[in-house]
Amino acid sequence: MTLLRTPLISCICLMIFTAYARAACTRPALTPQRRDAATIQKLETAWSLAYLTGDTEFEKCLLTPDFTEIMSNGSINHLSEELALAEANKGKAIASPNMPMITIQIHGDVAVAYGISSEKLIDGKPHKSYFADYYVWQDGSWRVYFAQQTSFAVGSSSRPGM
């Protein structure tokens, strides 16, 4: 009888833990969600603010455990690196970010938000980046599973796609 109870108890504990973890993700920016472009736009803004303020708890709710990002320098980051980068911003004073115009496409359970980032200096020269964030609809909410950035020099005729 003890052998039968162990899997049952483990299953109950897993269900309680999962319910608790999802309950922690009930922030206003994350609920309620609809399968529309306005929700993706809201999530993009909330994610940017979470990153800039070091809100890793928000990122843990929004990003899938297998989240992967190709950075503008070509390196590949996973969830742990994303959280570490955001953590480094904790406590920093930030101005309200100037959010770029974002185009959103939704196809079934997948959404892509993409655009061109604000200008920043790389090696003393002005650059912008194309960015794309990929969302999947899971269990009634959007989660980000992949992101990519491609940097280009401002005013360069060798800009990607040109």
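Coordinates for the structure precede this section.
Residues numbered from 1 in each chain as written. Predicted model: local features only at pLDDT ≥ 70, side-chain atom pairs only at ≥ 80, totals over all residues. Heavy atoms only, no water.

## Describing helix 2 (residues 37-53)
Which entries qualify depends on this criterion: Starting at the N terminus, helices and strands are each numbered in turn, a helix being any DSSP run of H or I of at least four residues and a strand any DSSP run of E of at least two. By this rule, a helix spans an expected 1.5 Å times one less than how many residues it contains. Accessibility here uses a 1.4 Å probe with only protein chains present; expressed as a share of the type maximum, an area under 20% marks a residue as buried, one over 50% as exposed, and anything in between as partly exposed.
A rise of 1.5 Å per residue sets the reference length of helix 2, with its 17 residues, at 24 Å; its end C-alpha atoms lie 24 Å apart and thus fit the reference within 8%. Residues of helix 2 that are buried include every one of Thr39, Ile40, Leu43, Glu44, Ala46, Trp47 and Ala50, and no others. Positive backbone phi, at 75 degrees, marks Gly54, one or two positions downstream of helix 2.

## Let's talk about the state of the cysteines
As a reminder of what qualifies: Any two cysteine sulfur atoms lying within 2.5 Å of each other are counted as a disulfide.
Throughout the structure, instances matching the rule amount to one disulfide. With a sulfur-sulfur separation of 2.1 Å, Cys25 is cross-linked through a disulfide to Cys61. Across the S-S bond of Cys25 and Cys61 the torsion is about -85 degrees, and the bridge reads as left-handed. Note that Cys25 is positioned in the loop between helix 1 (2-23) and helix 2 and Cys61 in helix 3 (residues 56-62), a separation of 36 residues in sequence.

## Topic: unusual backbone geometry
Cis rather than trans, the peptide bond between Thr31 and Pro32 has omega equal to -20 degrees. Considering the arrangement of structural elements, one finds Pro32 in the loop between helix 1 and helix 2. A positive phi angle is found at Asp139, which is not glycine, with a value near 50 degrees. Here Asp139 is to be found in the loop between strand 6 (125-138) and strand 7 (141-153).

## Points about the pattern of salt bridges
Side chains bearing opposite charge may pair, as long as their charged atoms lie close to each other. Defined as follows: Only one rule defines a salt bridge in this text: a Lys or Arg side-chain nitrogen within 4 Å of an Asp or Glu carboxyl oxygen.
Going through the model one piece at a time under the given rule, you end up with five salt bridges. A salt bridge links Arg27 to Asp55, with the shortest nitrogen-to-oxygen separation between them at 2.5 Å. With Arg27 in the loop between helix 1 and helix 2 and Asp55 in the loop between helix 2 and helix 3, this residue pair connects regions lying 28 residues apart in the sequence. Given a relative accessible area of 23%, Asp55 falls into the partly exposed group.

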